[in-house]
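# Results of the structural survey
The primary structure of each chain is shown beneath.
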Amino acid sequence: MTTALTNSTVLHNGVNMPWLGLGVWKVKDDGETERTVQTAIEAGYRHIDTAAAYQNEAGVGVGVRNSGVAREELFITTKVWNADQGYESSLAAFDQSLERLGMDYVDLLLIHWPVKGKYKDTWRALETIYRGGKARAIGVSNFQIHHLQDLMATSDLVPMVNQVEYHPLLTQEELFAFCKSNRIQLTAWSPLMQGNLDHAALADIGAKYGKSPAQVVLRWDLQTGVVTIPKSTNPARLKENSEIFDFELSDDDMAAISSLNRNQRFGPDPDNFNF
C-alpha cells in the first residue's frame, strides 16, 4: 500500500518517481505558477510536471528555488513541444527549457505528442540528452501502442514513462497492459476528468471512506499502479489531493470505479490532433 506523499515508483532505469505530483497546465506564469509550486512543495509535494507549451517553466523554477527544498529532493518533468520536434530542434528547445527553469538538469523529459514523421528523430534527441546526463529519465506523452511499437523498433532505449489521459471514464486497459509488460510507467494527466466528478458511484464510495470523489479517483490511480499529477492552484485543494495515503480502496470498490469506463476523452485524440 502506498502510504505517504513521498512514496515513489522505480522506473526501469532505477530512478525514483513520486506517485503523486502537481501538474501546472494552464497555470499562469504571472506569479501564480511560482506561488502554486512553492505552496505545493511546502505541503509535501516533491513532483512537479510542466512543459514548454505551458509557458510557465520560469515560474516553476522560481517556485522551486523559493521553496527552500534542495533540488535533488524534487522530481521535475518538462516536455518537448510539437513545433520543436526533430533532432537538432529538440536539442535546442531543451536547452531553452533548462534556461527558463534555471536548472542544469530535469528528472524526466517527455515528447509531448507523437508528431507524425518527427517523433523518432525527437526520441534520438532525448536519448542524446539522457546519455549526456541532463535528463535522469526520458519518456513520451500521449503515445498509443502503435506509436510505442514504432519507436521501440529502432531504439535501444525503451521509454521510461508514457503520460496519457487516464481516468475512470478512460481506463485504456490495452495501453496500460502494453506499458506494464514493457516496464513503461503510465502517468495520468487530467486524472480528475477536468472536474467531471459527478458520478453516484464515486460519491457513494467516497462516503464509505470519508473522502471526496476526487480523493477516491486519485487513490484508485495509485492502487492501479498509475502515477498521477492533478492540477490545482487552490491551497486547500492541493492539500485535499495529497490526503489519499491514509485509506485503501477495497477490491470491489476498485472494480466499481474501473467499470465506469466509457472510453471518453476530455482532451485530444492522439491519433487525430492537428497542433
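Note that the coordinates shown come from a computational prediction; the quantities given were computed from them, not determined experimentally. The numbers attached to residues start from 1 for each chain and follow its sequence in the written order. With pLDDT at 70 or above as the cut-off, local features in this predicted model cover only qualifying residues; side-chain atom pairs require 80 or more to be listed or tallied, and sums for whole chains, interfaces and linings still use all residues. As a convention, hydrogens and water are excluded, and side-chain values are obtained from all of the structure's heavy atoms.

### Quick word on the packing of aromatic side chains
- Aromatic contacts are taken between Phe, Tyr and Trp rings whose centres are within 6.5 Å, Trp giving its six-membered ring; a plane angle under 30 degrees counts as stacked, one over 60 as edge-to-face, and the others as tilted. Enumeration over the complete set of coordinates arrives at eight aromatic pairs.
- Measuring from centroid to centroid gives 5.2 Å for tyrosine 119 and phenylalanine 143, while their planes differ by 70°, and the two rings are edge-to-face. In this pair, tyrosine 119 sits in helix H4 (residues 119–131) while phenylalanine 143 sits in the loop between strand E7 (138–141) and helix H5 (145–152), placing the two residues 24 residues apart along the sequence.
- Note on phenylalanine 273 and phenylalanine 275: the rings are 5.2 Å apart at their centroids and 50° apart in plane angle, and the pair reads as tilted.
- The cut-offs for exposure are 20% and 50% of the maximum accessible area for each residue type, with area from a 1.4 Å probe on protein chains only; residues under the lower value are buried, those over the upper are exposed, and the others partly exposed. Relative accessible area serves as the criterion here: at 39%, phenylalanine 275 is assigned to the partly exposed category.
- Across from the ring centre of tyrosine 105, 4.2 Å away, lies the NZ or CZ of arginine 71, which sits over that ring.
- Above the face of the tyrosine 87 ring, arginine 124 is positioned so that its terminal group lies 4.5 Å from the ring centre. Numbered from the N terminus, helices here are DSSP runs of H or I no shorter than four residues, and strands are runs of E no shorter than two. Any Lys NZ or Arg CZ that is within 6 Å of a ring centre and within 35 degrees of that ring's normal is treated as a charge sitting over the ring.

### A few points about the pairing of strand E5 (residues 75–80)
- Most of E5 sits out of view: six of its six residues are buried.
- Of the two faces of E5, the one holding Phe75, Thr77 and Lys79 and the one holding Ile76, Thr78 and Val80 are both buried throughout.
- Strand pairing is assigned whenever DSSP identifies at least 2 bridges connecting the two strands. As defined by bridge partners, strand E4 (residues 47–49) adjoins E5 across three bridges and the pair is classed as parallel. Note on E5: the bridge partner recorded for isoleucine 48 is isoleucine 76.
- Traced from E4 through helix H2 (residues 57–67) to E5, the parallel crossover comes out right-handed. Handedness of a crossover: with both strands directed away from the viewer, a clockwise path from the first strand across the helix to the second marks it as right-handed.

### Thoughts on the pairing of strand E6 (residues 108–111)
- On E6, burial covers both faces: Leu108 and Leu110 on one face and Leu109 and Ile111 on the other are all buried.
- In terms of strand pairing, E5 meets E6 through four bridges, oriented parallel. Counted as the bridge partner of valine 80 is isoleucine 111 from E6.
- Handedness of the crossover joining E5 and E6 through helix H3 (residues 87–101) is recorded here as right-handed.
- Here three bridges tie E6 to E7, and the two strands are oriented parallel to one another. Across the sheet, the residue bridging to leucine 109 is isoleucine 138, located in E7.
- Each parallel crossover has a hand, and for E6 linked through H4 to E7 it is right-handed.

### What to know about the packing of H4 against H5
- Angles here are taken between N-to-C directions and fall from 0 to 180 degrees, while the axes themselves are lines fitted to C-alpha atoms, restricted in helices to the stretch in contact. Packing of H4 against H5 leaves a shortest axis separation of 10 Å and a crossing angle of 60°. As summarised for this structure, H4 and H5 are arranged oblique, according to the angle between their axes. Read as a crossing pair, H4 and H5 show a hand that is right-handed. On H5, the residues that touch Tyr119, Lys120 and Trp123 of H4 are His147, Asp150 and Leu151.
- Its residues assigned to classes, the contact of H4 with H5 comprises three nonpolar, one polar and two charged. Just so you know how the angles are binned, under 35 degrees is roughly parallel, over 145 roughly antiparallel, 65 to 115 roughly perpendicular, and the rest oblique. Each crossing is labelled by how the near helix is turned from the far one, with a counterclockwise turn of less than a right angle marking it left-handed and a clockwise turn marking it right-handed. Whether two residues touch is decided by their heavy atoms; if any such pair falls within 4.5 Å, the residues are in contact. In this count, Pro and Cys sit with the nonpolar residues alongside Ala, Val, Leu, Ile, Met, Phe, Trp and Tyr, while Asp, Glu, Lys and Arg are called charged and the others, Gly among them, polar.

### A word on the nonpolar core
- Nonpolar cores were defined as sets of buried Ala, Val, Leu, Ile, Met, Phe, Trp, Tyr and Cys residues, with membership established by side-chain atoms within 4.5 Å. Judged by nonpolar contacts, the single largest core of 80 residues is most densely connected at Leu109 and Leu148.
- With six residues, the single largest contributor to this core is helix H8 (residues 213–224).

### Some points on the sheet that holds strand E3 (residues 22–23)
- What the eight strands build is an open sheet, ordered E3-E4-E5-E6-E7-E8-E9-E10; its pairing is parallel. Each end of this open sheet is capped by a strand with a single partner; those strands are E3 and strand E10 (227–228).

### Some remarks on the pattern of salt bridges
- For salt bridges, the criterion is a side-chain nitrogen of Lys or Arg within 4 Å of an Asp or Glu carboxyl oxygen. Evaluation of the coordinates by the stated rule reveals 10 salt bridges.
- In this structure, aspartate 107 and arginine 71 form a salt bridge, with 2.9 Å as the shortest nitrogen-oxygen distance. Residue aspartate 107 is found in the loop between H3 and E6, and its partner arginine 71 is found in the loop between H2 and E5; the two are separated by 36 residues along the sequence. When sorted by exposure, aspartate 107 lands in the same class as arginine 71, which is buried.

### Remarks on the environment of arginine 237
- In this structure, arginine 237 sits in helix H9 (residues 235–242).
- By relative accessible area, arginine 237 is classed as partly exposed at 43%.
- Through-space distance from the C-alpha of arginine 237 to that of alanine 214 is 9.7 Å; in sequence the pair is 23 residues apart.

### Examining the environment of glutamate 127
- If you trace the backbone, glutamate 127 turns up in helix H4.
- Distance in space between the C-alpha atoms of glutamate 127 and alanine 137 is 9.4 Å, their sequence separation being 10 residues.

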